[in-house]
Amino acid sequence: KAGVTQTPRYLIKTRGQQVTLSCSPISGHRSVSWYQQTPGQGLQFLFEYFSETQRNKGNFPGRFSGRQFSNSRSEMNVSTLELGDSALYLCASSLGDIGTQYFGPGTRLTVL
Amino acid sequence: GQQVMQIPQYQHVQEGEDFTTYCNSSTTLSNIQWYKQRPGGHPVFLIQLVKSGEVKKQKRLTFQFGEAKKNSSLHITATQTTDVGTYFCAGLSGGSNYKLTFGKGTLLTVNP
């Protein structure tokens, strides 16, 4: 089976812009979670989607949003980018309930 | 909210020495998962512990889950340069609002 894929792998944006990241889970996996990874804060949970519904949400501002499509693919959107949003954004999929997380390679976002 | 503390933050060892990282949760966990992230890579699932007092081994790695299901440890015997990376624990809280919370990780470096 193909692993979790994320596009794009790298992004450079400027403050105030918005960005959309994409994640394709492992075939058959219905749960997709998003994480932000920074050197200072580690891996922080953003949100989790299951069957097109947001099932859980972390403590991030409303500028961070996501959605999941009927084929389980997911997108994450960040609006009005801030310098502090520079991070590695990781997507992870799992079969159903939040079990083993299979991570994608991540999208490295740099905000200038 | 649930917090998962992991210590130490960094550990540098000589090849052949042992290594241990500890994980403590503020709440009782349904299960605990361990991941390894190589430099420049993404987290990769190592193991999941579910039962109170559970001990699992993977070659030179020994994982333990505390009796109260609030703490866990990962011990590596006779480290090798291939063990280099950041080791994360992730605790799954139960109930209707289950959430997977990652510790900040322990970065292990091994001097050959």
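Quantities reported herein were computed from a predicted structural model and do not represent experimental measurements.

Engineer: What exactly am I supposed to notice about the environment of Tyr 35 of chain A here?
Structural biologist: Take Tyr 35 of chain A: it is sitting in strand β4 (residues 31–38). Taking the C-alpha atoms as reference, Tyr 35 of chain A lies 13 Å from Ser 86 of chain A; in sequence the two are 51 residues apart. Residues contacting Tyr 35 of chain A, with those up to four places away along its chain left out, are Leu 43, Gln 44, Phe 45, Leu 46, Leu 88, Tyr 89, Leu 90, Ala 92, Gln 101 and Phe 103 of chain A together with Leu 100 and Phe 102 of chain B. In terms of polar contacts, Tyr 35 of chain A uses its side chain to reach the side chain of Gln 101 of chain A, at 2.9 Å.

Engineer: Could you clarify how one ought to interpret the pattern of salt bridges in this entry?
Structural biologist: Where charged atoms from two side chains of opposite charge come close, those side chains can pair. Residues and elements named next belong to chain A. In total, this model carries seven salt bridges over all chains according to the counting rule given. When the shortest N-O distance is used, the salt bridge between Arg 55 and Glu 48 registers 2.6 Å. On the basis of relative accessibility, which here comes to 28%, the residue Arg 55 falls in the partly exposed class. Residue class for Glu 48 comes out buried when judged on its relative accessible area of 0%. Within the structure, one salt-bridge network assembled from shared partners comprises Arg 63, Glu 82 and Asp 85.

Engineer: Explain the interface of chain B and chain A here, please?
Structural biologist: Listed as interface residues are 15 residues of chain B and, on the opposing side, 20 residues of chain A. Between chain B and chain A the total buried area reaches about 1,500 Å² when both faces are included, carbon and sulfur atoms providing 55% of it. Linking chain B with chain A are two residue pairs in polar contact (both at pLDDT 80 or more). Going through the elements one at a time, β4 (31–37), β5 (44–49), β9 (85–92) and β10 (100–102) of chain B are the ones with two or more residues in the side of chain B that touches chain A. Per-element accounting of the side of chain B that touches chain A gives the leading share, three residues, to β4 of chain B. Within the side of chain B that touches chain A, the residues separate by chemical class into eight nonpolar, five polar and two charged.

Engineer: Would you mind going over the state of the cysteines with me for this structure?
Structural biologist: Working definition of a disulfide: a covalent bond connecting the sulfur atoms of two cysteines. The final tally for this structure, using the stated rule, is two disulfides over all chains. The side chain of Cys 23 of chain A participates in a disulfide bridge whose partner is Cys 91 of chain A; the two sulfur atoms lie 1.7 Å from each other. Between Cys 23 of chain A and Cys 91 of chain A, the S-S dihedral sits near -45 degrees, and the bridge is therefore left-handed. Taken together, the residues span a long stretch of sequence, with Cys 23 of chain A in strand β3 (residues 19–24) and Cys 91 of chain A in strand β9 (residues 87–94) at a distance of 68 residues. As far as the burial class goes, Cys 23 of chain A and Cys 91 of chain A line up, both buried. Between Cys 23 of chain B and Cys 89 of chain B runs a disulfide, and the two sulfur atoms are separated by 1.9 Å.

Engineer: Help me out: how do you make sense of the sheet that holds strand β6 (residues 55–58) of chain B in this one?
Structural biologist: Consider a sheet: its strands pair through backbone hydrogen bonds, and that pairing is either parallel or antiparallel. Residues and elements named next belong to chain B. Pairing is antiparallel across the open sheet formed by five strands, whose spatial order is β1-β3-β8-β7-β6. If you trace the sheet from one side to the other, it starts and ends with β1 (4–7) and β6, each paired once. This sheet shows a mean twist of 15 degrees between the axes of neighbouring strands, independent of strand direction. With five bridges connecting them, strand β7 (residues 61–65) and strand β8 (residues 71–76) associate as antiparallel partners.

Engineer: Hey, could you run me through the environment of Cys 23 of chain B in this one?
Structural biologist: Residues and elements named next belong to chain B. Residue placement: Cys 23 occurs in strand β3 (residues 19–25). Since its relative accessible area comes to 1%, Cys 23 is described here as buried. With 59 residues separating them along the chain, Cys 23 and Thr 82 place their C-alpha atoms 22 Å apart. When near neighbours in sequence (up to four residues on either side) are disregarded, Cys 23 contacts Val 4, Met 5, Gln 6, Ile 32, Trp 34, Lys 70, Asn 71, Ser 72 and Cys 89.

Rules used in this analysis
Residues numbered from 1 in each chain as written. Chains lettered and ligands numbered in written order. Predicted model: local features only at pLDDT ≥ 70, side-chain atom pairs only at ≥ 80, totals over all residues. Heavy atoms only, no water. Helix = DSSP H or I, 4+ residues; strand = E, 2+ residues; numbered from the N terminus. Contact = heavy atoms within 4.5 Å. Polar contact = N/O pair within 3.5 Å; in protein donor to acceptor, adjacent residues only side chain to side chain. Salt bridge = Lys/Arg side-chain N within 4 Å of Asp/Glu carboxyl O. Buried < 20%, exposed > 50% of the residue type's maximum accessible area, 1.4 Å probe, protein only. Buried area = accessible area lost by both parts, 1.4 Å probe. Nonpolar A, V, L, I, M, F, W, Y, C, P; charged D, E, K, R; others polar. Disulfide = S-S within 2.5 Å. Pairing = 2+ DSSP bridges. Axes fitted to C-alpha atoms, helices over the stretch in contact; angles between N-to-C directions.

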